[in-house]
Amino acid sequence: MTNQPSLVCPLCSCPSFTQEESRQDSAWGLTSHRMTLLICDNCRYVLHFYDRNSIFDFD
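Everything numeric in this text was worked out from a predicted model, so none of it was measured.

A.B. asks: For the nonpolar core, give the residues involved together with the corresponding values.
C.D. replies: Among the nonpolar cores identified, the biggest contains seven residues, and these are C9, C14, F17, L38, C40, L47 and F49. For this core, the elements supplying multiple residues, two or more each, are β2 (32–40) and β3 (46–50). If we skip the residues at most four places from it in the chain, C14 touches V8, C9, C40 and N42.

Structure follows, in structure tokens:
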């Protein structure tokens, strides 16, 4: 059993987020980056997580 930290918004400390998926292409269109976006439900600040790995994934 791992003890994972709770994610809170760095601006307003709200612990509630809406999750969206995003894809960004490079300037020349040769590469594509998939990201998970967590949007704060209070202030709408966007947290970007690349490749589904973050400091909150300990597996």
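A.B. asks: Any chance you could break down the pairing of β2 for me, citing the residues and the numbers?
C.D. replies: Here nine bridges tie strand β1 (residues 17–25) to β2, and the two strands are oriented antiparallel to one another. Across the sheet, S22 pairs through a bridge with M35, a residue of β2. With antiparallel pairing between neighbouring strands as the criterion, β1 and β2 make up a hairpin whose turn holds six residues, including G29 at a positive phi of roughly 75°. The pairing of β2 with β3 spans five bridges and is antiparallel.

The rules behind these values
- Sequence order sets the numbering: in each chain, residues are counted from 1 along the sequence as written.
- Given that the model is predicted, a residue must reach a pLDDT of at least 70 before its local features are reported, and side-chain atom pairs must reach 80 or more before they are shown or counted; all residues, however, enter totals for whole chains, interfaces and linings.
- Note that the side-chain values use all heavy atoms of the structure and ignore hydrogens as well as water.
- In this description, a nonpolar core means a group of buried Ala, Val, Leu, Ile, Met, Phe, Trp, Tyr and Cys residues linked to one another through side-chain atoms lying within 4.5 Å.
- Partly exposed residues are those whose accessible area sits between 20% and 50% of the maximum for their type, while under 20% is buried and over 50% is exposed, using a 1.4 Å probe and protein chains only.
- For the purposes of this entry, the term helix denotes a DSSP run of H or I that reaches at least four residues, the term strand denotes a run of E that reaches at least two, and both are numbered from the N terminus.
- In what follows, a contact means two residues having at least one pair of non-hydrogen atoms within 4.5 Å.
- Note: two strands are recorded as paired if DSSP finds a minimum of 2 bridges between them.

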